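Close look at the chain arrangement
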Amino acid sequence: MKLKEINRTAIQAWSPAQHHPVYLATGTSAQQLDATFSTSASLEIFELDLAEHSLDMKSSGTFSSPHRYHKLVWGPHESDSEDFPMGVLIAGGENGNIILYDPSKIVSGSSEVVIDQSSKHTGPVRALDVNSFQTNLVASGANESEIYIWDLNSFNSPMTPGPKSQPLEDISCVAWNRQVQHILASASPSGRASVWDLRKNDLIIKVSDHSNRMHCSGLAWNPDVATQLVLASEDDRMPVIQMWDLRFATSPLKVLENHTRGVLAIAWSLADPELLLSCGKDNRILCWNPNTAEVLYELPTSTQWCFDIQWCPRNPAVLSAASFDGHISVYSIMGGSNDAVSSRQADQISTSFGNLDPFGTGQTLPPLQLPHSTAAKTSVTPLKKPPKWIRRPVGASFAFGGKLVSLDNSQPSQQQQQHVVRISQVVTETTFLERSNQLQATLSSGSFVEFCQTKISAAPNEFERTVWSFLKVNFESDSRGKYLELLGYKKEELAQKFDHNNFVVHSLSQAEEEAAKIEEPEEMEEPEEHGEELECFPVTLVNLLVDVDGLITQALLTGDFESAVDLCLHDDRMADSIILAIAGGPELLEKTQKKYFSKSQSKISKLISAVVMKDWRNILETCDLHSWRESLAAVMTYAKPDEFSSLCGLLGSRLDRAEDQALQTQACLCYICAGSLEKLVTSWAKEQDSHCPLSLQDLVEKVVILQQAVEKSKGSAASIVGPLLAQKMSQYASLLASQGSLDTALSYLPNTDQNGWNDPPALNRGLKKKKVQGNFAPPAPITAPIMGEPPAQMNPCMQALQPGSQALYNPNHQQTMAPSQPLNPTTPMINVEGAPGAPIGDVIQPLQSIPTEKITKKPIPEEHLILKTTFEGLIQKCLAAAADPQTKRKLDDATKRLEFLYDKLRDQSLSPAIVGGLHNIAQSIESRAYTDGLGIHTHIVSSSNFSETSAFMPVLKVVLTQANKLGV
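Residues numbered from 1 in each chain as written. Predicted model: local features only at pLDDT ≥ 70, side-chain atom pairs only at ≥ 80, totals over all residues. Heavy atoms only, no water.

Per UniProt, the comment on the chain under Sequence similarities (unreviewed entry) is "Belongs to the WD repeat SEC31 family." Recorded in UniProt for the chain, the comment headed Function (unreviewed entry) runs: "Component of the coat protein complex II (COPII) which promotes the formation of transport vesicles from the endoplasmic reticulum (ER). The coat has two main functions, the physical deformation of the endoplasmic reticulum membrane into vesicles and the selection of cargo molecules." (UniProt positions renumbered as here; feature names shortened; annotations may be inferred.)

The following block contains the structure:
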């Protein structure tokens, strides 16, 4: 299966097995041109990221080179030192030159990447190999039978393995023996292979085919058997791979024949000697078992020749192949699907030909209608047998806490006589752990202001910056004043505005007085000219005024302040009415204020009313949500300490229910001011991806800091942990545990005994273990559906205890009664059993002497009516969507069973934690987040007393499950 692809006409080399991450180096290939006929050359390094689903490999570094290359190898020389942390890249050039590069500097973008170079060879250097025992030794081969052994520690003085072989010919391959470090083999296009002993500095044996048709293109040693090697032939007349054993060098030990044209390259897997790769001119890449000459696997390739193929040293299932069509492809031999490749080809066609204006007419081509194949997804058959690295007795298993337990089939050493089981820690979320450690350090040191300031400085957007600013205020003095500043109301700026406004008003008043003095003589002459009009016009009005004043006077003289105030209000004399009401006492003043505000219709009358009457709840319930900032500022200024939190929470709830997404987002600021952890989590869950570790880390940081702020302001222990917050904290703890941070994970688990986290605020002392009675017997495992029908032979009372049982309402149970006990058909049978574990009795018929007594149920408290409305509404939706009778029967039964819940709500016999959880379930139903509702349900059941919830929680789970299934 193809994993990755690089669009380059280049040769390749994998990074050493010791290095992580895995890199693939590419160098522009000599004597080849790409489709653009470019003459430039480069050396590039790509990172293999198999977690990224794209076919493209990310380029990690590029170096523009004056050379093109015939061969490229990557050795681990001094990779454990600071000098060359990524080893050394060795390249063979066109003009007899060998260049040493530092790949770490290519990745870092440095221009000084060349370590050393030499031009000692004659002609192009087509053969290179690094000694696996002494990684400072490199063998190279070129024209005229030249073979040099280079020491990377003293690069300028290479040695030869012996005298040049005769007749002189090109060296196409060199390879170090995998078992004996001083043995080297070389091969030439003539088909002859030579084996050299560097201790003797001489040729020890030659291997050649008698047909003289072997044009040797590849040479590889058996990784396990020191005397065996393979030779590949690129001659179309003899497209074979010969396996030789030097102990019997008269003829090939085996001949691998399956290619139809010449073989261009071979590679023997170091991880499994039974895997040998070959690529040929027949456009095929085959994976052989060289011991049996059987083809185990054929890779799906393009219609172009592959001239180079290599195994990845670190990941044994991965290989790469370079082809003449300008692509380097990365494959896996473990099989898979090629749909990604087909999709990419379709995208490339669409990009190339879609919606263009080829003729400049101003009209684009219609969108491409690519054919959609109805065939099944294409899949690649994996190897015929498992490779050695996953073959028994090897194994691996993940354990709790991110531990990986592994064993392999390597032979024990002399010092270690037993096989080894390795336990290693696997960390996949490094950034997440770093941020978690920073949070833990902050909790330990108490430097919350500095932590918040760091978050503010690094905030990716304005809203995140605002959230952390609000959190930071909780740890500073005059928090309400700071909140007002964050909302845009700075007292200093407002004072300046008031001073400026008073100056303008005073200036206008002076100007009016001056104008009045200038016009005063003219106004005094008017009575003489228009006296008749003044005598006849204002008489009625004056009399009316006199009458109102008279009535007010009489009321005041008799001490009737209320009538005097009413007259002033009727005459629109507001100031007089307020002054008289003050004299009349607080009750009259309050009534007068209400009447005043009912008549006043100015834009700010509602605000003035709230300031005077202190009715902020009404303001927050009726205000325009787009003015939420002003409403919150007013609460900051005027709300009493004991009502501040509830008022902020009320405004947050209204914002949460708004249709505008932007308003919903602002709700979390109100919850921060209110110190409401659970509501903050609920608001966050709507907006964020709860499955992303870093997103969950964002939430935990905010919640923990807010919790510390609440404890600081109230001076009390941790606030109650709601079901959703507990779920998120458990999820966070599980994620920490999977990364090996067990101590930290324990500190975040909710403590069900205290309805809070463990030992706040340190949060790092682990869970308190509950005592278990000595005679406690664990319940039997659940092996059947909880809601299944009870067995026929089960006692009727036991059936009544089954969560899904209909025993309480099953009229068939009447048949078990004695005929002498007549039943009232209107009276249901009741179960008189006590708590779970009590003695099991029989079903007792109710007394018949009181059938006429009507039992009146108490009303459900108003704050809990939403539960009944929400649950019954969901059941009705499910009934409308359900098609099969069985589902409808379940839902009808659910309606009856939920009466147990409503009775407990009437009696107020449920614990606050359960009631809070039920309200959270109702909220999840309103937002159609049934999966979240089921998660909250699970938390309630696991953390509460079974006797409290057994009557209604199972059927509530059925309703949520059906709603999720039906998609209502």
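Let us keep going from here.
**Digging into the packing of aromatic side chains**
Applying the stated criterion to the full structure yields 11 aromatic pairs. Note on Phe307 and Phe324: the rings are 4.8 Å apart at their centroids and 40° apart in plane angle, and the pair reads as tilted. Placement of the pair is Phe307 in strand β26 (residues 306-311) and Phe324 in the loop between β27 (318-323) and β28 (328-332), with a sequence separation of 17 residues. Judged by its relative accessible area of 15%, Phe307 is buried. The exposure class assigned to Phe324 is partly exposed, which follows from its relative accessible area of 36%. Between the aromatic rings of Phe451 and Trp468, the centroid separation amounts to 5.7 Å while the plane-to-plane angle is 75°, which identifies the pairing as edge-to-face. Of the two residues, Phe451 is situated in helix α4 (residues 448-457) and Trp468 in helix α5 (residues 462-473); the sequence distance between them amounts to 17 residues. By the ring-pair criterion, three or more aromatic residues cluster together here, those being Phe63, Tyr69 and Tyr101. Above the plane of the ring of Tyr902 lies Lys868, whose end atom (NZ or CZ) is 5.4 Å from the centre. (Phe/Tyr/Trp six-rings, centres within 6.5 Å; stacked < 30°, edge-to-face > 60°. Helix = DSSP H or I, 4+ residues; strand = E, 2+ residues; numbered from the N terminus. Buried < 20%, exposed > 50% of the residue type's maximum accessible area, 1.4 Å probe, protein only. Lys NZ or Arg CZ within 6 Å of the ring centre and 35° of its normal.)

**Topic: the pattern of salt bridges**
Per the stated rule, a full pass over the model turns up 26 salt bridges. For the salt bridge of Lys385 with Glu274, the shortest nitrogen-to-oxygen distance reads 2.5 Å. Of the two residues, Lys385 sits in the loop between β30 (379-380) and β31 (395-399) while Glu274 sits in the loop between β22 (263-268) and β23 (276-280), which places them 111 residues apart along the sequence. Judged by relative accessible area, Lys385 falls into the partly exposed class, the value being 31%. Its relative accessible area of 21% is what places Glu274 among the partly exposed residues. Across the pair Glu701 and Lys455 runs a salt bridge whose closest N-O atoms are separated by 2.9 Å. Placement of Glu701 in helix α19 (residues 693-714) and of Lys455 in helix α4 is noted, with a sequence separation of 246 residues between them. Like Lys455, Glu701 is buried. Through salt bridges with shared partners, a single ionic network connects Asp272, Glu274, Lys385 and Arg391. (Salt bridge = Lys/Arg side-chain N within 4 Å of Asp/Glu carboxyl O.)

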